[in-house]
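Here are the chains, one letter per residue:
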Amino acid sequence: MIRRLCERFKLLDVPVDGRRVHKSAIPRLGGIAIYASIVLALSILPLISNLLTQSLRAYTSGLFVVLVPATLVLILGVYDDLRGTNATVKFLGLGLIAALFYAMGGRIETLRFLS
């Protein structure tokens, strides 16, 4: 649906310079589709009653800590897709969002690389 809307309103990333990897125009705003699918899936979970959803109920406050910064990252990405911004603004914006995530109690304690 997002792809069709982007095509209809000409919200496409056209490869006009050598920086682009793709060869043909691709729709912008793909982040909205990813974000919406995750939020939709998470919003359905309270309607399901099984062992998995019962164990996840203890983590609902942690979900808020993740969704608020994720929403801000989405907004920054949509702004960049529609209006364009430079790397400095994106870097500072993402840095502030990461600081907010940390201030809200969010932590990434383990990174694991599979090889």
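All values derive from a computational prediction rather than experimental measurement.

Draft legend 1. Layout of unusual backbone geometry. Non-glycine residue K10 carries a positive phi angle of around 60°. Turning to its location among the elements, K10 is positioned in the loop between helix 1 (2–8) and strand 1 (12–13). The backbone of L29 sits at a positive phi, close to 70°, despite the residue not being glycine. Under the relative-accessibility criterion, L29 is labelled buried at 10%.

Draft legend 2. The arrangement of helix 4 (residues 60–82) in detail. When the terminal C-alpha atoms of helix 4 are compared, their 32 Å separation across 23 residues agrees well with the 33 Å that a helix rising 1.5 Å per residue should span. When helix 4 is considered as a whole, its buried residues turn out to be V65, P69, L74, L76 and D80. Turning to helix 4, the residues buried within the fold contact helix 2 (30–44) and helix 5 (87–103). With its phi angle positive at about 80°, G84 sits one or two positions after the end of helix 4.

Draft legend 3. Geometry of the layout of surface pockets. Here the largest pocket is characterised by a volume of approximately 300 Å³. Contributing to the lining of the largest pocket are L42, L45, P46, T53, L56, R57, Y59, T60, G62 and L63. Elements with a contribution of two residues or more to the lining of the largest pocket: helix 3 (51–56) and helix 4. By residue class, the composition of the lining of the largest pocket is six nonpolar, three polar and one charged. Taken as a whole, the second largest pocket spans an internal volume of roughly 220 Å³. Lining the second largest pocket we find D13, R19, R20, I26, P27, R28, D80, D81, G84 and K90. Counting only elements with at least two residues in the lining of the second largest pocket, the list comes to strand 2 (26–27) and helix 4.

Draft legend 4. Structural context of the environment of S37. If you trace the backbone, S37 turns up in helix 2. Spatially, the C-alpha atoms of S37 and A87 are 27 Å apart, while their sequence positions differ by 50 residues.

Draft legend 5. Layout of the pattern of salt bridges. Counted under the stated rule, the structure contains two salt bridges. Close ionic contact of E7 with R3 constitutes a salt bridge, the shortest N to O distance being 3.6 Å. With E7 and R3 both in helix 1, this residue pair falls four residues apart, about one helical turn. Owing to a relative accessible area of 46%, R3 belongs among the partly exposed residues under this scheme. Residue D80 is joined to K90 by a salt bridge in which the shortest nitrogen-to-oxygen separation is 3.5 Å. With D80 in helix 4 and K90 in helix 5, this pair connects stretches of sequence that are 10 residues apart.

Draft legend 6. Inspection of the side chain of D80 at higher detail. Polar side-chain contacts of D80 include one of 3.1 Å to the backbone nitrogen of T85. A polar atom in the side chain of D80 sits 3.5 Å from the side chain of K90. Discounting chain neighbours no more than four positions away, the residues touching D80 are T85 and K90.

Parameters and conventions
Residues numbered from 1 in each chain as written. Predicted model: local features only at pLDDT ≥ 70, side-chain atom pairs only at ≥ 80, totals over all residues. Heavy atoms only, no water. Helix = DSSP H or I, 4+ residues; strand = E, 2+ residues; numbered from the N terminus. Buried < 20%, exposed > 50% of the residue type's maximum accessible area, 1.4 Å probe, protein only. Expected span 1.5 Å × (residues − 1). Contact = heavy atoms within 4.5 Å. 1 Å grid on protein atoms, 1.4 Å probe; cavity = no way out; pocket = protein on both sides within 12 Å on 5 of 7 lines; lining within 4 Å. Points joined across faces, edges and corners; volume = space filled by probe spheres on them. Nonpolar A, V, L, I, M, F, W, Y, C, P; charged D, E, K, R; others polar. Salt bridge = Lys/Arg side-chain N within 4 Å of Asp/Glu carboxyl O. Polar contact = N/O pair within 3.5 Å; in protein donor to acceptor, adjacent residues only side chain to side chain.

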